[in-house]
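# Structural overview
Here are the chains, one letter per residue:
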Amino acid sequence: MSITFDVSQDGTGFVAKWNAPMGMGGITTQADSLQELIPSIIEAVQCHFDDEELPKKVQLHFVSDPALDLREAA
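So, here's what we can say about the structure. Keep in mind it's a predicted model, so treat the numbers as computed, not measured. Residue positions within a chain follow its written sequence, with the count starting from 1. Residues qualify for local features only when their pLDDT is at least 70, as the model is predicted, and side-chain atom pairs are given and counted only at 80 or more; totals for whole chains, interfaces and linings, by contrast, use all residues. Values reported for side chains reflect all heavy atoms of the structure, with hydrogen atoms and water molecules removed beforehand.

## Side note on the nonpolar core
- The biggest cluster of nonpolar side chains holds 14 residues, and the ones touching the most others in it are F5, W18, I27, L37 and V45.
- Helix numbering and strand numbering both begin at the N terminus, where a helix is a DSSP run of H or I of at least 4 residues and a strand a DSSP run of E of at least 2. At four residues, the largest contribution of residues to this core is made by helix α1 (residues 34-48).
- Apart from the residues within four sequence positions on either side, I27 is in contact with F5, A16, K17, W18, A44, V45, H48 and F49. Take the buried residues of types Ala, Val, Leu, Ile, Met, Phe, Trp, Tyr and Cys, join any two whose side-chain atoms come within 4.5 Å, and each joined set is a nonpolar core. Burial status follows relative accessibility: with a 1.4 Å probe on protein chains alone, a residue under 20% of its type maximum counts as buried, one over 50% as exposed, and anything between as partly exposed. Every residue pair with non-hydrogen atoms within 4.5 Å of one another is taken to be in contact.

## What about a negative patch on the surface?
- Residues enter patches when they are more than 30% accessible in relative terms and free of salt bridges; like-charged ones are connected within 9 Å and nonpolar ones (Val, Leu, Ile, Met, Phe, Trp, Tyr) within 5 Å. Residue burial considers only the protein chains on display, and all accessible areas are found by Shrake-Rupley using a 1.4 Å probe. The rule for a salt bridge is simple: a side-chain nitrogen of Lys or Arg has to be within 4 Å of a carboxyl oxygen of Asp or Glu. Counting rule for charge: Lys and Arg are taken as positive, Asp and Glu as negative, and neither His nor the chain ends is counted. Each charge is placed at NZ for Lys, CZ for Arg, CG for Asp and CD for Glu. A cluster of acidic residues, D50, D51, E52 and E53, forms a negative patch on the protein surface.
- With respect to the helices and strands, D50 occurs in the loop between α1 and β4 (57-62).
- With relative accessibility at 43%, the residue D50 sits in the partly exposed group.

## What to know about the packing of aromatic side chains
- When two rings of Phe, Tyr or Trp (its six-membered ring) have centres within 6.5 Å they constitute a pair, described as stacked for plane angles under 30 degrees, edge-to-face for angles over 60, and tilted for the intermediate range. Summed over all chains, the structure comprises one aromatic pair.
- Seen from their ring centres, W18 and F49 are 5.5 Å apart, and the 50° between their planes marks the pair as tilted. Of the two residues, W18 sits in strand β2 (residues 14-19) while F49 sits in the loop between α1 and β4, which places them 31 residues apart along the sequence. Each member of the pair W18 and F49 is classed as buried.

## Details of α1
- Across its 15 residues, α1 extends 21 Å between first and last C-alpha, which sits within 8% of the 21 Å expected from 1.5 Å per residue.
- Those residues of α1 lying buried are L37, S40, I41, A44 and V45. When α1 is viewed along its axis, its buried side chains cluster within an angular range of 130° and face the same direction. Exposed and facing more than 90 degrees away from the buried side of α1 are Q35, E43 and C47.
- Packing partners of the buried residues in α1 comprise β1 (2-9), β2, β3 (26-31) and β4. Expected span, for any helix, means 1.5 Å times one less than how many residues it has. Think of it as the arc spanned by the lines of direction from the helix axis to the C-beta atoms.

## Digging into the pairing of β3
- Burial along β3 is one-sided: I27, T29 and A31 are buried, and none of G26, T28 and Q30, which face the opposite way, are.
- In this sheet, β3 lies alongside β2 in antiparallel orientation, the contact comprising six bridges. Within β3, the residue paired with V15 across the bridge is Q30. Note on pairing: two strands pair once DSSP finds at least 2 bridges between them.

## Notes on a nonpolar patch on the surface
- Among the surface-exposed residues, I38, I42, V58 and L60 lie close enough to one another that they form a single nonpolar patch of about 290 Å² accessible area.
- Only α1 and β4 provide two or more residues apiece to the nonpolar patch.
- Looking at where I38 falls in the secondary structure, it is placed in helix α1.
- Looking at I38, the relative accessible area reads 38%, which means it is partly exposed.

Below, the structure is given as structure tokens:
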């Protein structure tokens, strides 16, 4: 099984959302950067699912293409 998070950028960071099928809840997590978002998603998925239901793959669907500010990378 795999699940797909929709990832969007808000004014202060990134938000990742996954909605469970048939209105059975979902997962929402956020972080200040993409680097911080990945472990946040992993932790949220591990907390949401039992071991036997844990997805084998998590995909990220970017609602809009992220841009890197090279001035902040240095």
